[in-house]
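Here is how the chains run, residue by residue.
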Amino acid sequence: MTDETTIVLRGEKNAGIIRSMCELYGLDMGTSTDIFYKSDTSTLIEEKVSDLHCRSDRYLATLVMDEFKEKY
């Protein structure tokens, strides 16, 4: 897999998680994006820890929101 392909796939995954956050929690795109990129979960996904990147977008959206609720 090329670096470009990896970047595209990562972007699509992140976008899917952010869209799922909007749908599940009624958030706007900007708020969902901010919450996602400030989360520890997004870092774990990026680093491919525990195969999180293989989980569904909706599942990961719930993890991100659970983390956000615990912090704030």
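Quantities reported herein were computed from a predicted structural model and do not represent experimental measurements.

Cut-off values and rules
- Residues numbered from 1 in each chain as written.
- Predicted model: local features only at pLDDT ≥ 70, side-chain atom pairs only at ≥ 80, totals over all residues.
- Heavy atoms only, no water.
- Core = buried A, V, L, I, M, F, W, Y, C linked by side-chain atoms within 4.5 Å.
- Buried < 20%, exposed > 50% of the residue type's maximum accessible area, 1.4 Å probe, protein only.
- Helix = DSSP H or I, 4+ residues; strand = E, 2+ residues; numbered from the N terminus.
- Contact = heavy atoms within 4.5 Å.
- 1 Å grid on protein atoms, 1.4 Å probe; cavity = no way out; pocket = protein on both sides within 12 Å on 5 of 7 lines; lining within 4 Å.
- Points joined across faces, edges and corners; volume = space filled by probe spheres on them.
- Nonpolar A, V, L, I, M, F, W, Y, C, P; charged D, E, K, R; others polar.

Glancing now at the nonpolar core. Judged by nonpolar contacts, Ile17, Ile18, Met21, Ile35, Phe36, Ile45, Leu52, Leu60, Ala61, Val64 and Met65 together constitute the single largest core of eleven residues. Broken down by secondary-structure element, the contributors of at least two residues to this core are helix 1 (3-25), helix 2 (29-38) and helix 4 (57-71). Tallying contributions element by element places helix 4 first for this core, with four residues. With residues near it in sequence (within four places) discarded, Ile18 still touches Met29, Ser32, Thr33, Phe36 and Tyr37.

Estimated volume of the largest pocket: approximately 220 Å³. Around the largest pocket, the lining residues are Met1, Thr6, Leu9, Arg10, Lys13, Asn14, Ile45, Glu46, Lys48 and His53. The set of elements that each furnish at least two residues to the lining of the largest pocket consists of helix 1 and helix 3 (40-46). No other element matches helix 1, which puts five residues into the lining of the largest pocket. For the lining of the largest pocket, the per-class residue count stands at three nonpolar, three polar and four charged.

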